[in-house]
Amino acid sequence: MGKMEQGGAATIPVRRMDFEFGDDIPTWWFDGDPVKTLIMAAQSCTFPEGERFFIRSVRAWQDGVKDPVLRQQIRGFIGQEAHHGNEHTALNAFMQGRGLPTGKVEAFVKRGLGFRDRMLSPERRLAMTCALEHFTAMLAEMLLEHPEFLKGMDERVFALWLWHAVEESEHKAVAFDVFKDQVDSEWIRRSQMVVTTLEFSLFSALHFARLYRASGEKLGLRGVMKRLAYFRPWLRQLGPRYRAYYRRDFHPDEVDSRALREAALKRLAQLLDRPTLAA
């Protein structure tokens, strides 16, 4: 399970990044592989609107939070998520320039989340945010622990994913702590994870399929499935962490990832020649 972080990241820094994706970056920037690249690009398409949904969902409860540390963490959470959306917008625009319909996927995500804004209660929207934050934290910390997962990725794109992973790990408990403080319903928390898991799986597949169809690649079903098999063992190892979410005593900080974040920030500082990132 890992050692519990002591209060999580009490201070959540907002790092201002400005990633640039030049014309010399290959279209298939993940190991020269269209399937690997489009799996990651499909996730990137969900981030700009997804992060805004998270911000709205947490901000709706902000005024009721009295704990000064949690209030400070909410501000850091909002700042980090806003920057994530901006930087992934830049990556998505780069892929759009390569002829992929990332803008259409982003628009689809925006409509879907707008529907949830209208149809779900504030409690359910916050629980949905907690569930999706658990997914992103699991994936982020897998990446931090096993950077070889992204072996072969162009370093300029890798830096974006590494930075994003660090910050997802830093603020992984904020939405959860707001939920426990303001709602504290195990039925809503756990049932919403079931629904969100189904939706996350379905829409991840649909977004990938839409991008792949537009790519002009002709690998055939067998070829696509063979390349998708790369992700299977990595996702399988996340099973115990995913199931942990359903425990009554679950908390995101039960996995202590501070050392992983520190190591990742040192690598990011070297990649970007920004020593202050590791300070």
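Conventions adopted
- Note on numbering: residues in each chain are counted from 1, in written sequence order.
- Local features in this predicted model are restricted to residues whose pLDDT is 70 or higher, and side-chain atom pairs enter the listing and the counts only when it is 80 or higher, whereas totals over whole chains, interfaces and linings include all residues.
- Side-chain metrics in this entry use all non-hydrogen atoms of the structure; hydrogen atoms and water are not considered.
- Numbered from the N terminus, helices here are DSSP runs of H or I no shorter than four residues, and strands are runs of E no shorter than two.
- Put simply, the radius of gyration uses C-alpha atoms, and a globule should come to 2.2 Å times the residue count raised to 0.38.
- Only protein chains enter the accessibility calculation, which uses a 1.4 Å probe; a residue is then buried when its area is under 20% of its type maximum, exposed when over 50%, and partly exposed in between.
- Salt bridges are defined as contacts in which a side-chain nitrogen from Lys or Arg sits within 4 Å of a carboxyl oxygen from Asp or Glu.
- The contact criterion used is simple: two residues touch if any of their non-hydrogen atoms lie within 4.5 Å.
- Axis definition: a line fitted to C-alpha atoms, over the contacting stretch in the case of helices. Angles run 0 to 180 degrees between N-to-C directions.
- Any angle from 65 to 115 degrees is called roughly perpendicular, while one under 35 is roughly parallel, one over 145 is roughly antiparallel, and all others are oblique.
- It is the rotation of the near helix from the far one that decides the hand of a crossing: anticlockwise by less than a right angle makes it left-handed, clockwise makes it right-handed.
- In this classification, Asp, Glu, Lys and Arg are treated as charged, Ala, Val, Leu, Ile, Met, Phe, Trp, Tyr, Cys and Pro as nonpolar, and every other residue, Gly included, as polar.
- In this analysis, rings of Phe, Tyr and Trp, with Trp reduced to its six-membered ring, are considered paired at centre separations within 6.5 Å, and the interplanar angle assigns stacked below 30 degrees, edge-to-face beyond 60, and tilted for intermediate values.
- Note on geometry: a ring has a charge over it if NZ (lysine) or CZ (arginine) is within 6 Å of the ring centre and within 35 degrees of the ring normal.
- Of the two site types, the cavity is a set of points on a 1 Å grid over the protein atoms alone where a 1.4 Å probe fits but cannot get out, and the pocket is an open set with protein on both sides within 12 Å along at least five of seven lines, each lined by residues with an atom within 4 Å of a point.
- Grid points are joined across faces, edges and corners, and a volume is the space filled by probe spheres set on the points.

Caption draft 1: Structural detail: the overall build of the protein chain. Check the secondary structure of the protein chain and you find 11 helices and 0 strands. Overall, the protein chain shows an N-to-C arrangement of helices and strands of α-α-α-α-α-α-α-α-α-α-α. Over its C-alpha atoms the protein chain spans a radius of gyration of 18 Å, differing by no more than 12% from the 19 Å that the globule rule assigns to 279 residues. Reported as C-alpha extents along the three principal axes, the dimensions of the protein chain are approximately 55 × 45 × 30 Å. Per-residue burial for the protein chain yields a buried fraction of 54% across its 279 residues.

Caption draft 2: A look at unusual backbone geometry. Positive phi, normally seen in glycine, also occurs at D31, with a value near 60°. Tracing the sequence through the fold places D31 in the segment before α1 (34–59). You will see that D184, though not glycine, has its phi angle at about 55°, which is positive. Along the chain, the position of D184 falls in the loop between α6 (174–182) and α7 (186–215). D184 sits in the partly exposed class, given a relative accessible area of 46%.

Caption draft 3: Spatial organisation of the pattern of salt bridges. Within this structure, the stated rule accounts for 19 salt bridges. Its salt-bridge partner being E49, residue R52 comes within 2.7 Å of it at the nearest N-O pair. You can see R52 and its partner E49 sitting in helix α1, 3 residues apart, about one turn around the helix. For E49, a relative accessible area of 13% corresponds to the buried category. Its salt-bridge partner being E199, residue R116 comes within 3.1 Å of it at the nearest N-O pair. With R116 in helix α3 (residues 102–119) and E199 in helix α7, this pair connects stretches of sequence that are 83 residues apart. Judged by its relative accessible area of 23%, E199 is partly exposed.

Caption draft 4: Quick peek at the side chain of E141. For E141, the location among the structural elements is in helix α4 (residues 122–145). Given a relative accessible area of 2%, E141 falls into the buried group. If we ignore the near neighbours within four places in the chain, the residues touching E141 are S169, K172, R241, V255, S257, L260 and R261.

Caption draft 5: Summary view of the packing of α4 against helix α5 (residues 155–170). It is at 8 Å that the axes of α4 and α5 come closest, and there the two elements cross at 125°. It follows from the interaxial angle that α4 and α5 lie oblique. The two elements α4 and α5 cross, and the hand of that crossing is left-handed. Two secondary-structure elements touch here, α4 through E133, T136, A140, E141, L143 and L144 and α5 through W161, L162, A165, V166, E168 and S169. Among the residues forming the contact of α4 with α5, the class breakdown is 7 nonpolar, 2 polar and 3 charged.

Caption draft 6: Focus on the packing of aromatic side chains. Scanning all chains against the criterion turns up 19 aromatic pairs. Consider the rings of F30 and Y230, whose centres lie 6.3 Å apart with planes at 85°: the pair is edge-to-face. Here F30 is found in the segment before α1, whereas its partner Y230 is found in the loop between α8 (220–228) and α9 (232–236), with 200 residues between them in sequence. Using a relative accessible area of 0% as the deciding quantity, one classes F30 as buried. Its relative accessible area of 23% is what places Y230 among the partly exposed residues. Through pairs of rings, three or more aromatic residues link up here, namely F135, F176, F200, Y242, Y245, Y246 and F250. Sitting over the ring of F30, K36 keeps its end group 5.4 Å from the ring centre. If you follow R189 out to its NZ or CZ, it ends over the ring of Y245, 4.8 Å from the centre.

Caption draft 7: Examining the environment of A165 more closely. Structurally, the position occupied by A165 is in helix α5. The exposure class assigned to A165 is buried, which follows from its relative accessible area of 4%. Residues A165 and R274 lie 109 residues apart in sequence; the distance between their C-alpha atoms is 17 Å. Ignoring any residue separated from it by four or fewer positions in sequence, one finds A165 in contact with A140, L143 and L144.

Caption draft 8: The arrangement of empty space enclosed by the protein in detail. Using the criterion set out here, one finds 1 cavity of 30 Å³ or more in the structure. Taken as a whole, the largest cavity encloses approximately 40 Å³ of empty space. If you go around the largest cavity, the residues you meet are C130, E133, H134, K172, A175, F176, Y245 and P252. Mapped by element, the contributors of at least two residues to the lining of the largest cavity are α4 and α6.

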